[in-house]
Amino acid sequence: EFQFPDSVPMHKRQTSGPKFECHSACGNTILQSQSNADYCDDSTWNGLFEDCMDCALEFEIWQYYSPQVKPAAEACGLDPTPKPVG
């Protein structure tokens, strides 16, 4: 079950809706990279990573997840640059 990292302030936490889904995608990108040695080849992980890249800047949460998402993505040869807003 997804849980917010301690670094995410309470006022930024959502329990449903698009912002929660974005937090979930980014958080689960981290969790799966830590628990699955073959995560780079895992379609679920890749989908979560892409979802995170699509929404992290829109919902202003990249700062909380980037320290762990970046190295996980780079280990797979992926570019951890979120999609620009607008």
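Residues numbered from 1 in each chain as written. Predicted model: local features only at pLDDT ≥ 70, side-chain atom pairs only at ≥ 80, totals over all residues. Heavy atoms only, no water.

Caption draft 1: Region of the structure containing the packing of helix H2 (residues 43–55) against helix H3 (residues 62–75). At a closest axis distance of 12 Å, the pairing of H2 and H3 adopts a crossing angle of 140°. As far as their axial angle goes, H3 and H2 are oblique. The chirality of how H2 crosses H3 is left-handed. Judged by residue contacts, Trp45, Phe49, Cys52 and Met53 of H2 engage Trp62, Val69, Ala72 and Ala73 from H3. For the contact of H2 with H3, the class distribution of residues is 8 nonpolar, no polar and no charged. (Axes fitted to C-alpha atoms, helices over the stretch in contact; angles between N-to-C directions. Helix = DSSP H or I, 4+ residues; strand = E, 2+ residues; numbered from the N terminus. Parallel < 35°, antiparallel > 145°, perpendicular 65-115°, else oblique. Left-handed = near helix turned anticlockwise from the far one by under 90°. Contact = heavy atoms within 4.5 Å. Nonpolar A, V, L, I, M, F, W, Y, C, P; charged D, E, K, R; others polar.)

Caption draft 2: Spotlight on the packing of aromatic side chains. For the structure on display, the rule yields 2 aromatic pairs. Arranged with centres 4.8 Å apart and planes meeting at 65°, the rings of Tyr39 and Trp45 form a pair that is edge-to-face. The burial state of Tyr39 is the same as that of Trp45; both residues are buried. Among the aromatic residues, those joined into a cluster by ring pairs are Tyr39, Trp45 and Phe49. (Phe/Tyr/Trp six-rings, centres within 6.5 Å; stacked < 30°, edge-to-face > 60°. Buried < 20%, exposed > 50% of the residue type's maximum accessible area, 1.4 Å probe, protein only.)

So, to be careful, I would describe these as geometric facts and stop short of saying anything about function.
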